[in-house]
Amino acid sequence: MAEVLRLEHVHAWYGESHILHGVNLTVNRGEVVTLLGRNGSGRTTTLKAIMGLTGRRSGSIVVDGKETVAWPTHRIAHLGLGYCPEERAIFSSLSVEENLLLPPRVGEGGMSVDEIYEMFPNLRERRRTAQGTKLSGGEQQMLAMARILRTGAHLLLLDEITEGLAPVIVQALGRVIVSLKARGFTIVLVEQNFRFAAPLADRFYVMEHGKIAETFSAPELESKTQMLHEYLGV
Amino acid sequence: MGEIFGVPTQVLFGQLLIGLINGSFYAMLSLGLAVIFGLLNIINFTHGAQYMMGAFAAYFLLNKLGLNYWWSLALAPIAVGATGVVVERLMLSRLYKLDHLYGLLLTFGLALVIQGVFRNEFGSTGLPYPMPSQLAGAKNLGFMFLPNYRAWVIVASLLVCTATWFVIERTKLGAYLRAATENPAMVQAFGVNVPRMITLTYGFGVALAGFAGVMAAPIYQVNPLMGADIIIVVFAVVVIGGMGSIMGAILTGFGLGVVEGLTKVFYPEATNTVIFVIMGIVLLIRPQGLFGSR
């Protein structure tokens with residue numbers, strides 16, 4: 001499988017705080033890779049470092065064969081990356097439809113608005129809503145994901161998409177991930193909800209203290225339960 | 001001649017017209033300030049000096065290059081906006097991660113330097129700038145004489161303000177600007193070159209000030225202190241309208257111009273203070289401004 005993303009010895013800082021201490025990971029085309037770990041282990045910062053949203057970064061971050069560690073964020077995005085942040089970042093000054101249509105194209109293809117509404121029927125009903133932030137938490141999460149699917153991004157970085165959502169919404173998001181994988185999207189998923197991530201991912205990275213502590217593939221999951229219990233307390 | 005509330009209609013409408021003209025300048029200048037504050041979070045105290053530079057640019061274009069008012073209306077905003085781009089790239093861009101106060105101090109200091117240089121070079125008596133011949137004269141409306149140039153100022157200001165509002169509120173570019181005002185990092189993560197957008201936005205806001213300066217040149221004289229005189233009132237307008245509110249800046253600009261004009265008719269002693277009294281009341285009752293959001 002072709003490699004889409006490779007991180008080697010990645011360090012990242014927020015101001016004086018050294019958060020990532022040499023992260024190494026790879027993601028292949030069409031894979032769903034999950035970053036597991038406790039709060040503060042560096043999973044969100046890893047996604048932000050890939051997007052160039054941390055302060056200082058060092059090491060190597062290669063996207064589709066291109067070294068991006070010195071690139072500005074907007075240039076990295078145009079390699080076909082779609083980022084869905086933990087806080088969802090729905091814009092309150094924009095309507096639901098404006099939020100959906102805001103991101104510019106960063107790659108070929110991309111889902112049509114009709115396809116997106118088919119995947120997220122709630123958004124079709126709420127598209128005239130004047131403020132994106134008037135949506136429920138689940139609808140905002142769907143909007144945050146939907147808006148990057150339109151852009152032609154092929155590598156999706158999804159940060160804690162199930163956080164604070166009702167079980168029925170979490171199940172719906174699980175079906176969306178399965179559907180996106182079937183469409184050929186490559187997905188890096190940061191998840192605290194192990195039960196959500198377990199059936200979706202092809203491979204897992206476990207992070208602790210700003211670096212990768214363990215890595216294993218889906219077939220190995222059962223044999224790693226004890227180890228995960230120790231790292232995650234699940 | 002008729003009267004309204006004991007005031008001759010010609011006097012009343014005359015002051016209303018002056019209020020609308022002042023309001024036109026308040027609206028154009030506060031609009032620029034609102035656009036800049038919205039995206040850059042910079043309280044641009046240089047705005048008055050940049051308005052003055054617009055008037056001086058028109059003066060230079062006429063006296064050094066022989067280019068008339070209409071050329072100045074197109075070229076002076078571009079020239080003044082370009083100086084804004086340089087200021088943003090060289091100075092303001094270093095301050096975004098610091099407290100508002102640093103931007104305020106830098107732009108205030110810059111305004112003093114620019115005004116000082118112009119005053120040193122041209123004195124403070126003011127230089128004449130001729131009215132464009134096409135707009136000379138006045139029309140008799142029956143109840144008052146309406147000078148053509150002053151009517152043009154009001155119409156042009158309305159057009160510029162409406163066009164700016166339309167771009168910001170109804171276009172994709174405006175959606176980027178509004179989104180970047182809330183969360184610039186996220187907009188950049190979508191692939192939008194936000195630093196360049198910030199530079200161009202500041203340049204546009206400054207160009208608006210330059211445009212207002214050209215419009216003002218034939219009415220007021222071209223004077224190094226013309227910006228210092230108006231900028232404090234314009235800041236009061238922005239505070240009343242709501243910092244960063246585009247529609248607030250436009251409506252409050254025109255509205256307060258009219259209020260000021262009417263005050264001159266009914267209670268002239270309060271003409272210079274009425275806007276600040278309104279600002280005080282608004283700050284007490286609705287600190288985010290009439291059109292601002294918390």
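### Here's the deal with unusual backbone geometry
Okay, step 1: The phi torsion at R88 of chain A lies on the positive side, around 70°, for a residue other than glycine.
Okay, step 2: The residue R88 of chain A is located in the loop between β6 (81-84) and α3 (96-101) in this model.
Okay, step 3: Look at N41 of chain B: it is not a glycine, yet its phi comes out positive at around 60°.
Okay, step 4: Considering the arrangement of structural elements, one finds N41 of chain B in the loop between α1 (9-40) and α2 (47-65).
Okay, step 5: By relative accessible area, which is 39% here, N41 of chain B ends up partly exposed.

### Side note on helix α7 (residues 167-182) of chain A
Residue and element names in this part refer to chain A.
Okay, step 1: For α7, built from 16 residues, the straight-helix expectation of 22 Å at 1.5 Å per residue is met to within 8% by its first-to-last C-alpha distance of 23 Å.
Okay, step 2: Considering only its buried residues, α7 is in contact with α4 (113-119), α6 (137-149), β7 (155-159), β8 (186-190) and α8 (194-197).
Okay, step 3: Directly beyond the C-terminal end of α7, a positive phi value near 100° is found at G184.

### Brief notes about the sheet that holds β8 of chain A
Residues and elements named next belong to chain A.
Okay, step 1: An order of β6-β7-β8-β3-β9-β10 is seen for the 6 strands of this open sheet, with the pairing classed as mixed. Here the strands that pair on one side only, and so sit at the sheet edges, are β6 and β10 (211-217). For this sheet, the mean angle separating the axes of adjacent strands, direction not counted, is 15°.
Okay, step 2: Contacts between helix α1 (residues 43-51) and the sheet are confined to β3 (32-36), β6, β7, β8 and β9 (203-208), with β7 contributing the most and set at about 145° to the helix.
Okay, step 3: Where α7 meets the sheet, it contacts β3, β7 and β8, and its direction lies at approximately 150° from that of β8.

### Examining the packing of aromatic side chains
Okay, step 1: Counting across every chain of the model gives 17 aromatic pairs over all chains.
Okay, step 2: Judged by centre distance (5.5 Å) and plane angle (85°), the ring pair of F45 of chain B and F108 of chain B falls under edge-to-face. A residue pair is termed long-range when its members are at least 10 positions apart, and F45 of chain B in the loop between α1 and α2 and F108 of chain B in helix α4 (residues 100-122) qualify at 63 residues.
Okay, step 3: One aromatic cluster is present, built from ring pairs that chain together F56, Y59, F60, F118 and F122 of chain B.
Okay, step 4: Across the ring face of W13 of chain A, the terminal group of R56 of chain A is positioned such that the distance to the ring centre comes to 3.9 Å.

Calculation rules
- Residues numbered from 1 in each chain as written.
- Chains lettered and ligands numbered in written order.
- Predicted model: local features only at pLDDT ≥ 70, side-chain atom pairs only at ≥ 80, totals over all residues.
- Heavy atoms only, no water.
- Helix = DSSP H or I, 4+ residues; strand = E, 2+ residues; numbered from the N terminus.
- Buried < 20%, exposed > 50% of the residue type's maximum accessible area, 1.4 Å probe, protein only.
- Expected span 1.5 Å × (residues − 1).
- Contact = heavy atoms within 4.5 Å.
- Pairing = 2+ DSSP bridges.
- Axes fitted to C-alpha atoms, helices over the stretch in contact; angles between N-to-C directions.
- Phe/Tyr/Trp six-rings, centres within 6.5 Å; stacked < 30°, edge-to-face > 60°.
- Lys NZ or Arg CZ within 6 Å of the ring centre and 35° of its normal.

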